[in-house]
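The chain contents come next:
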Amino acid sequence: MSTSRAVPVTLAEIARLAGVGRAAVSNWRRRHPSFPERIAGTDVNPQFSMTDIENWLRDNKKLKKSAEREWLWPRFEALGGRDETGAVVARVGRLLSGREEEEGQKLPDETRALIRRAVELGRREGGAETFTFLLRRWLDVHVRQIATTPEPLAALMADLAIGAAAGVRGGAGAAGQGGTGRITVMDPACGTGHLLAAAAEAVKASGAGAVTLLGGDRDPVLAALADARLDLAAKEGEAERPLIDVRAGDSLRDDPFADTPADIVLCNPPFNERDWGYEELATDVRWSHGLPPRTEPELAWVQHCLAGLRPGGAAVLLLPPAVAARKAGRRIRGSLLRTGHLRAVVALPPGCAAPHSVSLHLWVLRMPAPGEEARAGGRLVVADAASRFPRTSTREWIPDWAAIGAFVREAVEETGPLEAPAYVRQVPVIELLDDEVDLTPGRHIAPSPADAVPRLAESWREFTGISASVDRSARLLAALGHATATADTPTATTVAELARAGALTLRGGGQPPEESIHTGPSPEDGIPLLTVPDLLMDGEPRGWLAPADAAAREAVIAEPGDIVVVGVARKFSAWVHEGPPTALGPQLHAVRVQPEQLDAWFLAGSLRAPANARQAGTHTTNSSRIDVRRLQVRQVPLGEQRRYGEAFRELDSFERMVRRVAELGADLVRDLGDELAAGRLAGGA
């Protein structure tokens, strides 16, 4: 772990750190002979020593004091890998919280100097703020390796647990360890402490008194980061400081808090792990609802959290939707229902947390208090927030946390069976105890009658409008007649030949490093990353790149008007890109034409012809690829290209409309069938 080598920065990174545009940095480099020489890269994409750049900006009075944290982070990133950097960030947090340096850890002088600089900055600008900045940057870099609970979701989970736990909300004062008045909150898979931090805030807001935070994580770096984070958050002048105990270790195999019952347990456990301890934990006393199958690790976490609750305590877990329906777990789900431990299941809209493509579930559980009757024969609250707040766009949709939170809180409240709002139902447990014990909310909630009429009306309006457009487009395309054969058949040329002639440029996409790919809602300047797996699903980009990462990695960006060509036979296509600038992954190609020589729509339509793909295909592997350079196009005058281009554009529009009509038709058939079967529509033609 050494920082003796120079930390390299690109022109784009210098622009971001200096708070200017890249053109300004290029201008400085051109106009100022004193501008540092590049230490790596190429003339087109040079890299410079960060120290040299920082000194030059300071000497030329171009260094912004407000950007000191930004200049600090690249030095942390240069320390090494994920664990090396995370451990140093945690060490900074411990020092900022007032703890002494741990003995026995020998660090290079450069690393110690960096730690001192970060601590000094934190003492000037705020320890919690500085540590939070470093932690967030670290998490952004390793977003593919570390799943965190978004802060609004963490706050919602904490609020649900406080509401469900007996004697917590309102400052009962008798909860916690031995009636001491402290509320004990536990997270057995705490990661960097998002849920525990949210719980501390929620307990404080509820007026329940002081709190004890217990956390465990098998990753020692995450545990150290959580410990520093929670300790720094507690330095804000609390009347009674939280007691914090975060330990590294596998909570399922060796629970560090087995003898410490909690009032509240919050958990976002690891998903789909097979090596969770099935063999060595087969006779564990925590499995009061049955031994979790090897393929059901999430149900092991559910029972572990229940076992850690005191009587009257509550737990809220974030789980994948398959846990509610997988056949292997039906016996345990049935037991949780019969004993009344499981109180509510909430389906969240996709995009609320990683993995962002699925509708994750919240499970609310409660350990009955002494004298409290079990809820066998009672009801399970199911709430379908996924249907209540449908995701309208894979890329641009951002959860409306205020609305989602209000809906979920109202749904989970202890209300009578007739008081449940739309998209919520209190299902009699006896209805659920069948051969499947499927707890998926959408299966038990019919569409709201109040929403059906406007939804059907809107669907019919769109269907009618698109159908009319399809009819007009079909008449235009049907009017296309066969061209009269002539002796002078236009010759064909290839993409490679056109590129050599300068009529177009061809660039092939690549795979960015995993640490540079982000998921979830993108900021305004985020660049969507399109890959072949995205096209195989629904065609929407699942990830995005920061502009600095895209520039540093020389990502291939398809701009509006470029042609995107897919070089894989099973999803071969070519189209004129009309969306925002988009980075292209492997086997995707960007073609940019010279408009005075080629019409983009004509070229795209010619390239995507199935016969073209067959002659340019390779069959050296099981997944045939297309050699884009071998794709052919007829050589015709530009005016004729444009006429054909208009026809290709119409054909593209026709294809999209036909596809949308099919989707709307399927939705209408389903909704009309439901409404007719329920007697809410008059039968007969």
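Now for a quick tour of the structure. (Residues numbered from 1 in each chain as written. Predicted model: local features only at pLDDT ≥ 70, side-chain atom pairs only at ≥ 80, totals over all residues. Heavy atoms only, no water.)

## Focus on the packing of helix α5 (residues 82-96) against helix α6 (residues 109-125)
Between α5 and α6, the least distance of the axes is 10 Å, while the angle of their chain directions is 45 degrees. Relative to α6, the element α5 is oriented oblique. Once α5 is placed against α6, the crossing between them reads as right-handed. Residues Val88, Arg91, Val92, Leu95 and Leu96 of α5 form the contact with α6, whose own contacting residues are Thr111, Arg112, Ile115, Ala118, Val119, Gly122 and Arg123. (Axes fitted to C-alpha atoms, helices over the stretch in contact; angles between N-to-C directions. Helix = DSSP H or I, 4+ residues; strand = E, 2+ residues; numbered from the N terminus. Parallel < 35°, antiparallel > 145°, perpendicular 65-115°, else oblique. Left-handed = near helix turned anticlockwise from the far one by under 90°. Contact = heavy atoms within 4.5 Å.)

## Considering the sheet that holds strand β4 (residues 183-187)
Spatially, nine strands are ordered β6-β5-β4-β7-β8-β10-β9-β11-β12 in an open sheet, and the strand pairing comes out mixed. If you trace the sheet from one side to the other, it starts and ends with β6 (243-248) and β12 (424-428), each paired once. Averaged over all pairs of adjacent strands, the angle between strand axes in this sheet comes to 15 degrees, irrespective of strand direction. By the bridge criterion, five bridges tie strand β11 (residues 379-384) to β12 in an arrangement that is antiparallel. Bridge pairing in β12 places Ala383 opposite Val424. (Pairing = 2+ DSSP bridges.)

## Focus on the packing of aromatic side chains
Per the stated rule, a full pass over the model turns up nine aromatic pairs. Look at Trp28 and Trp56: their rings are 5.9 Å apart centre to centre, the planes differ by 45 degrees, and that puts the pair in the tilted class. In this pair, Trp28 is assigned in helix α2 (residues 22-31) and Trp56 in helix α3 (residues 50-59), connecting sequence segments 28 residues apart. Classification of Trp28 by relative accessible area gives buried; the value is 10%. Look at Trp56 and you get buried, because its relative accessible area is 5%. With centroids separated by 6.2 Å and ring planes inclined at 85 degrees, the aromatic side chains of Trp276 and Trp287 adopt a geometry described as edge-to-face. Within this pair, whereas Trp276 is found in the loop between β7 (262-267) and α11 (297-307), its partner Trp287 is found in the loop between β7 and α11, the two being separated by eleven residues in sequence. For Trp276, a relative accessible area of 3% puts it in the buried group. With a relative accessible area of 9%, Trp287 lands in the buried category. Here the aromatic residues Trp28, Phe35, Phe48 and Trp56 are joined through ring pairs into a cluster of three or more. Taking NZ or CZ as reference, Arg388 lies 4.6 Å from the ring centre of Phe389, over its face. Its end group placed over the ring of Tyr644, Arg634 keeps NZ or CZ at 4.8 Å from the ring centre. (Phe/Tyr/Trp six-rings, centres within 6.5 Å; stacked < 30°, edge-to-face > 60°. Buried < 20%, exposed > 50% of the residue type's maximum accessible area, 1.4 Å probe, protein only. Lys NZ or Arg CZ within 6 Å of the ring centre and 35° of its normal.)

## Concerning helix α14 (residues 401-412)
Under the 1.5 Å per step criterion, the end-to-end length of α14 is 16 Å for twelve residues, consistent within 8% with the ideal 16 Å. Three or more residues of α14 are buried, namely Trp401, Ile404, Gly405, Phe407, Val408, Ala411 and Val412. Down the axis of α14, the buried set is contained in an arc of 165 degrees. They therefore lie on one face. Residues of α14 that are buried in the fold lie against α8 (151-164), β9 (342-347), β10 (361-366), β11, α13 (385-388) and β12. (Expected span 1.5 Å × (residues − 1). Arc of directions from axis to C-beta.)

## Considerations on the sheet that holds strand β2 (residues 40-41)
Across the sheet, which stays open at both edges, the three strands sit in the order β1-β3-β2 with antiparallel pairing between neighbours. Two strands bound the open sheet, and with one partner strand each, they are β1 (8-10) and β2. The sheet contacts of helix α1 (residues 11-18) involve β1 and β3 (46-49), and relative to β1 the element is tilted by about 85 degrees.

## What about the pattern of salt bridges?
Under the definition given, this model contains 33 salt bridges. Between Glu279 and Arg294 there is a salt bridge; the shortest N-O distance is 2.5 Å. Residue Glu279 is found in the loop between β7 and α11, and its partner Arg294 is found in the loop between β7 and α11; the two are separated by 15 residues along the sequence. On the basis of relative accessible area, Glu279 is assigned to the partly exposed category, the value being 48%. Residue Arg294 is classed as partly exposed on the basis of its relative accessible area of 39%. (Salt bridge = Lys/Arg side-chain N within 4 Å of Asp/Glu carboxyl O.)

## Some details on the side chain of Asp263
Mapping Asp263 onto the fold places it in strand β7. Polar contacts involving the side chain of Asp263 include one to the side chain of Arg310, which spans 2.2 Å. (Polar contact = N/O pair within 3.5 Å; in protein donor to acceptor, adjacent residues only side chain to side chain.)

## Quick notes on the nonpolar core
Of all hydrophobic cores here, the largest spans 54 residues; its most connected members are Leu153, Val185, Ile264, Leu266 and Leu362. Discounting residues that sit within four places of it in the chain, Leu362 has contacts with Leu153, Leu156, Met157, Leu160, Val316, Leu317, Leu318, Ala344, Val345, Val346 and Leu348. Counting residues in each nonpolar core, the second largest holds 38 residues, with Leu252, Trp276, Leu336 and Leu337 among its members. (Core = buried A, V, L, I, M, F, W, Y, C linked by side-chain atoms within 4.5 Å.)

## A look at the environment of Thr339
Tracing the backbone through its elements, the reader meets Thr339 in the loop between α12 (330-338) and β9. Sequence-wise, Thr339 and His289 are 50 residues apart; in three dimensions their C-alpha atoms are separated by 9.2 Å. Of note is the side chain of Thr339, whose polar atom sits 3.4 Å from the backbone oxygen of Leu336.

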